[in-house]
Amino acid sequence: MQSTIISSNTEQDHDKRSLIAKCCSPVKRGSIRMSIITMLAPCMGIGMLGLPYRAAQSGLILEILIMTLAGTISCLSMHILSWAAQDLQCNSYNELIQLSLGNKAKRLFEVMVICGTTLGCVNIQISFQLIIYQISVYLGFNYSQHSTMMTTQLLFVIPNLLISWQKSLYRLRYVSLIGVCSILYLTLLIFLDFILYGSTSEEIHSEINYVTIDMNFFVSFAMTFYCFMCHLFVFPIKKELHNPTLARQSKVWVRTTICSFSVYLVILIAGYLNFLDQTQIWIINNYKGNYSFFGKLGMSVSLFFAVPFAILACRNVINDMLLSDEIEYQLKSQTMKVSNHEGRIVFEVDSVDAYRNKIHKYSTLGLQLVSGTLALFIPEIPRFVALIGGFTGTFSVCVFPLLIYMKEYSDRRNYLIIALEVTAIICGWTGAIYSQF
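From a predicted model like this one, the values you see are computed outputs, not experimental measurements. (Residues numbered from 1 in each chain as written. Predicted model: local features only at pLDDT ≥ 70, side-chain atom pairs only at ≥ 80, totals over all residues. Heavy atoms only, no water.)

## As for a nonpolar patch on the surface
- A cluster of nonpolar side chains, namely L188, F191, L192, I195, L196 and Y197, defines an oily patch on the protein surface of about 610 Å² accessible area.
- Structurally, L196 is set in helix α9 (residues 173-197). (Patch = residues over 30% accessible without salt bridge, like charges linked within 9 Å, V, L, I, M, F, W, Y side chains within 5 Å. Areas by Shrake-Rupley, 256 points an atom, 1.4 Å probe, with all protein chains shown as cover. Salt bridge = Lys/Arg side-chain N within 4 Å of Asp/Glu carboxyl O. Helix = DSSP H or I, 4+ residues; strand = E, 2+ residues; numbered from the N terminus.)

Structure (structure tokens):
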């Protein structure tokens, strides 16, 4: 009892510190700040560079509203997963879906995650190749685009594989910090360029596009919603978060969404208002000279460290999938050693850990090699990444959380939450399909 009181008092003293003292104190394992940084690293990627272009297509005001809606729905989905995991006592996304929706839904989720992660890694690696090629052109290297991208991909795989070998989010903490700092650096460059060299107020007011209602609305929603997809990290974060109460988890989800939204808003407004209808698909391509070089350098660093996070989240799903299947098989065939310890069933450590290590080894190698091969030898695959990735991502972020919410909270449904989730599904799928034409 005494230790509990001491722990509670220590936590209260920690919360009474000033905001500056909290921000400047060391980032500790399991802290809320560490969890936020870890969530931001995989969330803020190449998709944010397309936000100013989406504003040029759909209008500045409409794109800001889309981004607000996407962030709100994403945050709601993370809360739904937290609520259901707490009520059903689940430690993984697989287990939550299995207990709530059944084995078939669990298997569908696992297939969707593996396909979506593989395609996401392909998209990241192709984007990394293109940025490195543009950097090499700026530095004066006269190699062809194909040879530069091939060399980049081969050099990308080995160090990235070593980083992807880490088993926990905390082991990737420095990678998280580097990735987030790279994004903040790029955001600062775009903001400073707008302040120093941006269009005059007369030019802005005469040419700005505020709202355009057409089918590009759905594409903008799908692309913007993609920037908030980090829901596979809900359970790894929950596992490593110190004292993972619903209130502490909620702080992580809300603050992560606010931080992401703030960075996106700066890039969106500064990038679009600086170039208006001349805004390119990637805002970084609008810049020339040193701004372009340093911005692309920062983005390449962020992309390089994005793949290990995607692989870690997917590997957790694969681990739960294969380990549960193996345990079930060995129990049926009576080959697993099981003992009774104080009324609880306990599996022999060696039999489980040995199989878990095999899953870790082969799933990491498989995801890296398959995504690397697709990025290297199939140049047309980006056309299908948006389509398939849009479907698989929406399942993890909206479809399954919505089904879980309707199943587990049927007696106290909030129809606004249901309407928002359905809106995200319809707009996301429509945008993914329309983007192919």
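## A word on the confidence of the model for the chain
- Across the chain, the average pLDDT comes to 80, with 82% of residues at 70 or higher.
- Across the chain, element-level confidence peaks in helix α5 (residues 60-88) with a mean pLDDT of 94 and bottoms out in helix α1 (residues 2-15) with 39.
- When the criterion is pLDDT under 50, residues 1-14 qualifies, and its contacts beyond four places in sequence or with other chains add up to three contacts. (pLDDT = per-residue confidence, 0-100. Contact = heavy atoms within 4.5 Å.)

## Structural notes on the packing of aromatic side chains
- Per the counting criterion, the structure on display carries 18 aromatic pairs.
- Aromatic side chains F128 and F304 sit 6.0 Å apart centroid to centroid with 45 degrees between the ring planes, which places their arrangement in the tilted category. With F128 in helix α7 (residues 103-138) and F304 in helix α14 (residues 290-304), this residue pair connects regions lying 176 residues apart in the sequence. As far as burial versus exposure is concerned, F128 and F304 are alike and both buried.
- Here the aromatic cluster, defined as three or more aromatic residues joined through ring pairs, consists of Y93, F109, F235, F395, F400 and W429.
- Directly above the ring of Y362 sits K361, whose terminal nitrogen or CZ lies 5.7 Å from the centroid. (Phe/Tyr/Trp six-rings, centres within 6.5 Å; stacked < 30°, edge-to-face > 60°. Buried < 20%, exposed > 50% of the residue type's maximum accessible area, 1.4 Å probe, protein only. Lys NZ or Arg CZ within 6 Å of the ring centre and 35° of its normal.)

## Some points on unusual backbone geometry
- Positioned with a positive phi, Q89 is a non-glycine residue whose angle comes to about 55 degrees.
- Looking at the element boundaries, Q89 is found in the loop between α5 and α6 (93-101).
- With relative accessibility at 60%, the residue Q89 sits in the exposed group.
- Positive phi outside glycine occurs at L276, with the angle close to 50 degrees.

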